[in-house]
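Descriptive structure summary
Below, each chain spelled out in residue letters.
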Amino acid sequence: MPKSPKRSAGLLMFRRSRDVVEVFLVHPGGPFWSKKHEGSWTIPKGEYDPDEEPLAAAQREFLEETSFNSTGPFIDLGSVRQKSGKVVHAWAFQGDCDPALLISNTCDIEWPPRSKKRITIPEVDRGAWFSPSHAATFIREEQRPFLQRLNLELTLDKN
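A brief structural summary.

The next thing to look at is the overall build of the chain. Check the secondary structure of the chain and you find three helices and eight strands. Listed N to C, the secondary structure of the chain is β-β-β-α-β-β-β-β-β-α-α in terms of helices and strands. In summary, the chain has a C-alpha radius of gyration of 16 Å against a globular reference of 15 Å for 159 residues, a match within 12%. Summarising its shape, the C-alpha atoms of the chain cover approximately 55 × 45 × 25 Å along the three principal directions. Within the span of the chain, comprising 159 residues, buried residues form 37% of the whole. Within the chain, residue pairs in contact and separated by at least 24 positions form 66% of the contacts whose partners lie at least 6 positions apart. About 9300 Å² of surface is accessible on the chain, with carbon and sulfur atoms providing 52% of the total. Here the chain holds 22 positive side-chain charges and 22 negative ones, and the gap between their average locations is 8 Å.

In structure tokens, the structure reads:
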């Protein structure tokens, strides 16, 4: 029986100011990502157990990785499959935050790889607001459909 792909759930926060929409993305922490910028930012997200409700997991992960609360209504943005095979399901919600106040949980990794040495890193080292066009440059390529789907939802919402 084939193994199920890993699954993650996440939230894409957006804000509107007049007719301008911005999205909030986070940058992964740790030495591997420290010099990677374009194509490395992501929505706050994380893996969840089969018995866990995906939206609840997305809200938990958002809080753990940013220290910011999320409140609905939530817009279902569907899912994407990343290059690793992991399936990421996302929802969008309207909110606001000051990226300078972001506090992320930490995790332990082996660094350098295969060294058997462990270091503690923040899962997220920073967050930032992006215009949709800049977000498309900085977000992981596989997650760009979330931006497109949000844009479509907000466009439909105007009509």
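What follows deals with unusual backbone geometry. Each neighbour pair has its own omega, and for Gly 72 with Pro 73 the value is 15°, a cis peptide bond. One can find Pro 73 in the loop between α1 (54-66) and β4 (75-81). The backbone phi angle of Arg 114 is positive, close to 60°, even though this residue is not glycine. Relative accessible area serves as the criterion here: at 75%, Arg 114 is assigned to the exposed category.

Basis of the calculations
- Residues numbered from 1 in each chain as written.
- Predicted model: local features only at pLDDT ≥ 70, side-chain atom pairs only at ≥ 80, totals over all residues.
- Heavy atoms only, no water.
- Helix = DSSP H or I, 4+ residues; strand = E, 2+ residues; numbered from the N terminus.
- Rg over C-alpha atoms; globule rule 2.2 N^0.38 Å.
- Buried < 20%, exposed > 50% of the residue type's maximum accessible area, 1.4 Å probe, protein only.
- Contact = heavy atoms within 4.5 Å.
- Areas by Shrake-Rupley, 256 points an atom, 1.4 Å probe, with all protein chains shown as cover.
- Lys, Arg positive; Asp, Glu negative; His and termini not counted.
- Charge placed at Lys NZ, Arg CZ, Asp CG, Glu CD.

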